2 protein chains.
Amino acid sequence: MILEVADIRVDPARATEFEAAIRHGAETVASRATGFRGYKVNRSVESPGRYLLMIYWDTLEDHTVGFRQGPLFGEWRAIVGPFFAAPPHVEHFELVAKSAGG
Amino acid sequence: MILEVADIRVDPARATEFEAAIRHGAETVASRATGFRGYKVNRSVESPGRYLLMIYWDTLEDHTVGFRQGPLFGEWRAIVGPFFAAPPHVEHFELVAKSAGG
């Protein structure tokens, strides 16, 4: 399993609208991609308009090839792209360690 | 619940040693802090030596006051601090949305 972390900046004045849009995009578009395992949207306490979108994928290629080069990506970007104040920074992560309980 | 995300950079040549150290620090020190709910350590695929440490806390103050200004913080920093190539960037996040399954 691979964790995609997208570091997103939006206009804080549109935060509520963006939160509804990204939830809609995740639930109705990204969730249909092959290898999609789940997502979280996190809002920064210290930096208004900063969000971390976390999506779990079966493999790196499920995101980088299957999703980003596939037909769903245009739908996704049409929903969330208009809110971006800058291009999101995206990296992928592998789990090294976690607490026994969670 | 609050998510702390610490963006950590270490010398990639010491990655294996750092991973053992941060797991030890999380399991034996941070986990004893009031309000600690669990942690994950994630290793970047694209940026060698970059890690995201995620710790879940009951409240923001459990981390910023209880842990960082309490007696455990010195123990924690003694274990993981020697590996830092730069001061970690730390922010806190609130969950906005997540998939039904997880």
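I will try to describe carefully the structure that is included in this document.

Definitions and limits used
Residues numbered from 1 in each chain as written. Chains lettered and ligands numbered in written order. Predicted model: local features only at pLDDT ≥ 70, side-chain atom pairs only at ≥ 80, totals over all residues. Helix = DSSP H or I, 4+ residues; strand = E, 2+ residues; numbered from the N terminus. Rg over C-alpha atoms; globule rule 2.2 N^0.38 Å. Buried ≥ 20, exposed ≤ 12 C-beta atoms within 10 Å, placed from the backbone. Contact = placed C-beta atoms within 7 Å. Least-squares fit on C-alpha atoms with pLDDT ≥ 70 in both. Nonpolar A, V, L, I, M, F, W, Y, C, P; charged D, E, K, R; others polar. Pairing = 2+ DSSP bridges. Axes fitted to C-alpha atoms, helices over the stretch in contact; angles between N-to-C directions. Parallel < 35°, antiparallel > 145°, perpendicular 65-115°, else oblique. Left-handed = near helix turned anticlockwise from the far one by under 90°.

Another point: the overall build of chain A. For chain A, the count of helices and strands is three helices and four strands. The C-alpha radius of gyration of chain A comes to 14 Å, within 12% of the 13 Å expected for a compact globule of 102 residues. Taken along the three principal axes of its C-alpha coordinates, chain A extends 35 × 35 × 20 Å. Counting across all 102 residues of chain A, residues that qualify as buried make up 29%. Counted over contacts in chain A with a minimum sequence separation of 6, partners at least 24 positions apart contribute 73%.

This part covers the relation of the copies chain B and chain A. Mapping chain B onto chain A calls for a rotation angle of 180° and an axial translation of 0.0 Å; the resulting RMSD is 0.0 Å. Each copy turns onto its partner about a two-fold axis. Both copies contact each other with a shared surface, as 100% of the interface residues of chain B are interface residues in chain A too.

Take the interface of chain B and chain A next. Listed as interface residues are 28 residues of chain B and, on the opposing side, 28 residues of chain A. Among the elements of the structure, strand S1 (2-9), helix H1 (15-28), strand S2 (36-44) and strand S4 (89-98) of chain B are those that each provide at least two residues to the side of chain B that touches chain A. Here the side of chain B that touches chain A takes eight residues from S4(B), the largest share from any one element. Of the residues belonging to the side of chain B that touches chain A, the class tally is 11 nonpolar, nine polar and eight charged. One ladder, built from five bridges, connects strand S2 (residues 36-44) of chain A with S4(B); its direction is antiparallel. Pairing of A:Ser44 across the sheet is with B:Phe93, part of S4(B).

Strand residues, when the strand is regular, have side chains that alternate between the two faces of the sheet. Residues and elements named next belong to chain B. One ladder, built from seven bridges, connects S2 with strand S3 (residues 50-57); its direction is antiparallel. Across the sheet, residue Tyr 39 finds its bridge partner in S3, namely Ile 55. The antiparallel hairpin formed by S2 and S3 contains five residues in its connecting segment, where Gly 49 sits at a positive phi of about 90°.

Let's shift gears to the sheet that holds S2(B). The eight strands are arranged S1(A)-S3(A)-S2(A)-S4(B)-S1(B)-S3(B)-S2(B)-S4(A) in a closed barrel whose pairing can be described as antiparallel. Direction aside, neighbouring strands of the sheet carry axes that sit 35° apart on average. Of the pairings in the sheet, the one linking strand S1 (residues 2-9) of chain A to strand S3 (residues 50-57) of chain A comprises eight bridges and is antiparallel in character. Bridge pairing in S3(A) places A:Ala6 opposite A:Leu53. Packing of helix H2 (residues 60-67) of chain A onto the sheet brings it into contact with S1, S3 and strand S4 (89-98) of chain A, and relative to S1(A) it is tilted by some 55°.

In this section: the packing of H1(B) against helix H3 (residues 72-80) of chain B. Residues and elements named next belong to chain B. With their axes 9 Å apart at the nearest point, H1 and H3 run at an angle of 165° to one another. As the angle between them shows, H1 and H3 are arranged roughly antiparallel. Seen along the crossing, H1 lies across H3 with a hand that is right-handed. Where H1 approaches H3, its residues Ala 21, Ile 22, His 24 and Gly 25 are matched on the opposing element by Trp 76, Ile 79 and Val 80. Split into classes, the residues belonging to the contact of H1 with H3 amount to five nonpolar, two polar and no charged.

Turning to the pairing of S1(B), a few remarks are in order. Examined bridge by bridge, S1(B) and S4(B) share five bridges and lie antiparallel to one another. When the sheet's bridge partners are listed, B:Glu4 is paired in S4(B) with B:His92.

This paragraph deals with the environment of A:Pro82. Structurally, the position occupied by A:Pro82 is in the loop between helix H3 (72-80) and S4. It is 9.2 Å that separates the C-alpha atoms of A:Pro82 and A:Val10, two residues lying 72 residues apart in sequence.

The analysis is restricted to geometry; functional conclusions fall outside its scope.
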